[in-house]
Amino acid sequence: MTTSSPERTRHAVRGYHEARFRGDVTAAAEHLGEPFHFQSPFISSDDRTGHLAALPGFVSIVTGVELISELYGEAEATLVYDVHTATPVGTQRTAEHFRLEDGRIVSIMLLFDASPWQSMKAHIEP
């Protein structure tokens, strides 16, 4: 039986979000469940270890994050935020949708306009 609440969902999603942007892979991993699926305009993964391995490289180009909106349900959440980068892209408006089971994130769908990133695509894809 899956037990969840908006507060439990918020704890997991904000914990993951904050750990990720600190570059703390270990703390981010604590909020991920199994099985796990990640999808973005460039990368898709069914492996949380592989997903987390890419975080330090991503965080190395981030200069700041501004949370715009947070929506929490029983077993899903959506964050909307601006990611400020040290790249020609500058600021990227991003939406992220999470699905949870038993208080852990099992699915992340990252949404953003990928067109500004096309010139850097070879450096982003695994």
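Residues numbered from 1 in each chain as written. Predicted model: local features only at pLDDT ≥ 70, side-chain atom pairs only at ≥ 80, totals over all residues. Heavy atoms only, no water.

(A) Spatial organisation of the overall build of the protein chain. Looking only at helices and strands, the protein chain features 5 helices and 6 strands. Its C-alpha atoms give the protein chain a radius of gyration of 14 Å, near enough to 14 Å, the size a compact globule of 126 residues would have. Counting only C-alpha atoms and orienting by the principal axes, one finds that the protein chain spans roughly 45 × 30 × 25 Å. Contacts spanning at least 24 positions in sequence make up 51% of the contacts within the protein chain whose residues lie at least 6 apart. When the accessible surface of the protein chain is summed, it comes to about 6,800 Å², and 53% of that surface belongs to carbon and sulfur atoms. (Helix = DSSP H or I, 4+ residues; strand = E, 2+ residues; numbered from the N terminus. Rg over C-alpha atoms; globule rule 2.2 N^0.38 Å. Contact = heavy atoms within 4.5 Å. Areas by Shrake-Rupley, 256 points an atom, 1.4 Å probe, with all protein chains shown as cover.)

(B) How the structure looks around the pattern of salt bridges. Going through the model one piece at a time under the given rule, you end up with 7 salt bridges. Ionic pairing is found between R48 and E34, a salt bridge with its closest N-O pair at 3.2 Å. Taken as a pair, R48 in helix 3 (residues 48–53) and E34 in strand 1 (residues 32–39) lie far apart in primary sequence, 14 residues in all. Among the residues examined, E34 registers a relative accessible area of 55% and is labelled exposed. (Salt bridge = Lys/Arg side-chain N within 4 Å of Asp/Glu carboxyl O. Buried < 20%, exposed > 50% of the residue type's maximum accessible area, 1.4 Å probe, protein only.)

(C) A look at unusual backbone geometry. With an omega dihedral of -5°, the bond running from E34 to P35 counts as a cis peptide bond. Checked against the element boundaries, P35 lands in strand 1.

(D) Spotlight on the sheet that holds strand 5 (residues 91–101). Here we have 6 strands laid out as an open sheet, ordered 2-1-6-5-4-3, and mixed in their pairing. If you trace the sheet from one side to the other, it starts and ends with strand 2 (44–45) and strand 3 (62–72), each paired once. Bridging between strand 1 and strand 2 involves 2 bridges; their strand directions are antiparallel. Each residue of the ladder has a partner; that of Q39, found in strand 2, is S44. (Pairing = 2+ DSSP bridges.)

(E) Examining the side chain of H17 more closely. Relative to the helices and strands, H17 is located in helix 1 (residues 6–22). Given a relative accessible area of 6%, H17 falls into the buried group. Those residues within four positions of H17 in sequence are excluded, and the remaining contacts are V65, L67, L79, Y81 and E96.

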